Amino acid sequence: MATTLGKLPHGELLQRISKSEHFQSGSFKNIEHTEMLAPNSSYWKMAIKYWQKPNSIRPSSPIPSSKINLKELDSTKPQYIWFGHSSYLLVAEGKTILVDPVFSGYASPFSFAVQSFEGTDVYLPEDMPDLDILIITHDHYDHLDYETMIKLHQRTKKIIVPLGVSAHLLSWGVPLEKIIELDWFESKEITTALSITATPTRHFSGRSVLRNKSLWCSYVLKIGEYKVFIGGDSGYGTIFETIGKNYGPFDLAFLECGQYGDDWPFIHMRPEETALAAANIGAKSFVPVHWGKFILSLHPWNDPIKRVLVASQTMKLNLQVPKIGESFAFKGSGSVDGWWNFQ
């Protein structure tokens, strides 16, 4: 349990954090004022709703998926593979980049809680190719998984994390020289054809009762001729217009579209806001993530994709909806075959 929790920043890392303009009064702050809960909500009311949760939040049948040999992918062909929720593999320019991998089968400090949907665990850490970069957006359990990190870091060249998250990795035995830690608006050139910039989201961090001791990020990834937006978790806000103005447009964007609720409207986007965010950043194509694998809210499991599909059609946006495990081209047209249409 203690190992799974990770560690809080201390020593030299805490000194570096204290110099960040985004760290105030002992914790990181969102650029926009962001309350964790709606004005009329409370954790007690949320607990009551949870114990009265509807059956529709979990699919009645296994999630459709595909499985391919990831170690035999043509790394010169720009493509991605979604693994459910916010985990996906990017392959381009001879590089392999994995984002927020959670392959343990659960998104919690306890293996019996927040278990993945049947059919979504077709890939394991052993199925991943050797990685040039592993990217973590923030330290929540559904994005930073202890078991997965332990199994993958030895086959990974560099791990990119938000400021403060290295404390967890170091406590798990990840070598310091592998870690690249970024504050908002900091950039790192990995190679002449590959660079990354950390950008803000409207969210929070923490693996225990203590919150916001490490940062939460989205990223602008430049890989060859392509520009990809790695959205992380975020409520909707002016940050998307700012990112679009300063870094857009994007060939491809991965944007949160799930686990929203009326009790926490400022830290997770509703599907209509996801489509609006895609337009704000100038996404030529976008992929809705943060859905289809774990129960972290009370909406029907397939409500996110149904609503974002309608919104993207209304706004004439190119929405891509791959199945879990399906290889999809960066510039592919939307895969909208309705595989999610069951209860």
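Residues numbered from 1 in each chain as written. Predicted model: local features only at pLDDT ≥ 70, side-chain atom pairs only at ≥ 80, totals over all residues. Heavy atoms only, no water.

## Thoughts on unusual backbone geometry
Then, number 1: The omega torsion across Gly-248 and Pro-249 is -5°, close enough to zero to call that bond cis.
Then, number 2: As for its position among the elements, Pro-249 is in the loop between helix H6 (239-247) and strand E13 (252-256).
Then, number 3: Positive phi values are uncommon outside glycine, yet Glu-93 reaches one of about 55°.
Then, number 4: Mapped onto the secondary structure, Glu-93 falls in the loop between strand E4 (88-92) and strand E5 (95-99). (Helix = DSSP H or I, 4+ residues; strand = E, 2+ residues; numbered from the N terminus.)

## Quick word on the pattern of salt bridges
Two side chains of opposite charge can pair, provided their charged atoms sit close to one another.
Then, number 1: Applying the stated rule across the entire model yields 10 salt bridges.
Then, number 2: Glu-186 is the partner of Arg-16 in a salt bridge, and the nearest nitrogen-oxygen pair spans 3.0 Å. Here the residue Arg-16 occupies a position in helix H2 (residues 11-18), and Glu-186 occupies one in the loop between strand E8 (179-182) and strand E9 (187-191), the gap between them amounting to 170 residues.
Then, number 3: Between Asp-303 and Arg-307 there is a salt bridge, and its shortest N-O distance comes to 3.2 Å. (Salt bridge = Lys/Arg side-chain N within 4 Å of Asp/Glu carboxyl O.)

## Thoughts on empty space enclosed by the protein
Then, number 1: Using the criterion set out here, one finds three cavities of 30 Å³ or more in the structure.
Then, number 2: Space inside the largest cavity adds up to approximately 60 Å³.
Then, number 3: What lines the largest cavity is Ile-57, Phe-117, Gln-259, Trp-291, Gly-292, Phe-294, Ile-295, Leu-296, Ser-297, His-299 and Trp-301.
Then, number 4: Split by residue class, the lining of the largest cavity holds seven nonpolar, four polar and no charged.
Then, number 5: The space that makes up the second largest cavity amounts to roughly 50 Å³.
Then, number 6: Considering the residues around the second largest cavity, the lining is formed by Ser-86, Tyr-88, Val-99, Asp-100, Thr-137, His-143, Ile-230, Gly-231, Gly-232, Asp-233, Phe-254 and Val-289.
Then, number 7: When grouped by side-chain class, the residues that make up the lining of the second largest cavity number five nonpolar, five polar and two charged. (1 Å grid on protein atoms, 1.4 Å probe; cavity = no way out; pocket = protein on both sides within 12 Å on 5 of 7 lines; lining within 4 Å. Points joined across faces, edges and corners; volume = space filled by probe spheres on them. Nonpolar A, V, L, I, M, F, W, Y, C, P; charged D, E, K, R; others polar.)

## Some points on a nonpolar patch on the surface
Then, number 1: A grouping of Leu-8, Val-209 and Leu-210 is seen on the molecular surface, where their side chains present a nonpolar patch of about 310 Å² in accessible area.
Then, number 2: Its location among the elements puts Leu-210 in the loop between strand E10 (194-199) and strand E11 (218-223). (Patch = residues over 30% accessible without salt bridge, like charges linked within 9 Å, V, L, I, M, F, W, Y side chains within 5 Å. Areas by Shrake-Rupley, 256 points an atom, 1.4 Å probe, with all protein chains shown as cover.)

## Topic: the sheet that holds E5
Then, number 1: The seven strands lie next to each other as E8-E7-E6-E5-E4-E3-E15, forming an open sheet whose pairing is mixed. With one partner strand each, in any of the chains shown, E8 and strand E15 (327-329) form the two edges of the open sheet. Sheet twist, expressed as the mean angle between neighbouring strand axes with direction ignored, is 20°.
Then, number 2: Sheet topology places E5 next to strand E6 (residues 131-135); three bridges connect them, and they run parallel. (Pairing = 2+ DSSP bridges. Axes fitted to C-alpha atoms, helices over the stretch in contact; angles between N-to-C directions.)

## Section: the side chain of His-290
Then, number 1: Mapped onto the elements of the fold, His-290 is located in the loop between strand E14 (286-289) and helix H8 (303-314).
Then, number 2: Within polar-contact distance, the side chain of His-290 engages the side chain of Asp-142 at 3.2 Å.
Then, number 3: If we skip the residues at most four places from it in the chain, His-290 touches His-85, Ser-86, Asp-142, His-143, Asp-233, Glu-256, Cys-257, Gly-258, Gln-259 and His-268. (Polar contact = N/O pair within 3.5 Å; in protein donor to acceptor, adjacent residues only side chain to side chain. Contact = heavy atoms within 4.5 Å.)

## Re helix H7 (residues 271-281)
Then, number 1: Looking only at H7, the buried set comprises Pro-271, Thr-274, Ala-275, Ala-277, Ala-278, Asn-280 and Ile-281.
Then, number 2: Those residues of H7 hidden inside the fold are in contact with strand E12 (226-230), H6, E13, E14 and H8. (Buried < 20%, exposed > 50% of the residue type's maximum accessible area, 1.4 Å probe, protein only.)

## Considerations on the packing of H6 against H7
Then, number 1: Close contact between H6 and H7 brings their axes to 7 Å; oriented N to C, the two are set at 30°. Judged on the interaxial angle alone, H7 and H6 are roughly parallel. As for how H6 packs across H7, the hand of that crossing is right-handed. Contact residues: H6 offers Phe-240, Glu-241, Ile-243 and Gly-244, while H7 offers Ala-277, Asn-280 and Ile-281.
Then, number 2: In the contact of H6 with H7, the residues fall into four nonpolar, two polar and one charged. (Parallel < 35°, antiparallel > 145°, perpendicular 65-115°, else oblique. Left-handed = near helix turned anticlockwise from the far one by under 90°.)

## Quick look at the packing of aromatic side chains
Then, number 1: Scanning the model with the defined rule gives 20 aromatic pairs in all.
Then, number 2: Look at Tyr-88 and Phe-254: their rings are 3.9 Å apart centre to centre, the planes differ by 10°, and that puts the pair in the stacked class. Of the two residues, Tyr-88 is situated in strand E4 and Phe-254 in strand E13; the sequence distance between them amounts to 166 residues.
Then, number 3: The interplanar angle of 70° and the centroid separation of 5.3 Å between the aromatic rings of Tyr-146 and Trp-172 together place this pair among those described as edge-to-face. Within this pair, whereas Tyr-146 is found in helix H4 (residues 146-152), its partner Trp-172 is found in the loop between helix H5 (166-171) and E8, the two being separated by 26 residues in sequence.
Then, number 4: Given a relative accessible area of 6%, Trp-172 falls into the buried group.
Then, number 5: The residue whose ring lies beneath Lys-67 is Tyr-123, and the NZ or CZ to ring-centre distance is 5.8 Å.
Then, number 6: Sitting over the ring of Tyr-141, Arg-207 keeps its end group 4.0 Å from the ring centre. (Phe/Tyr/Trp six-rings, centres within 6.5 Å; stacked < 30°, edge-to-face > 60°. Lys NZ or Arg CZ within 6 Å of the ring centre and 35° of its normal.)

Purely geometric numbers; function is a separate question.
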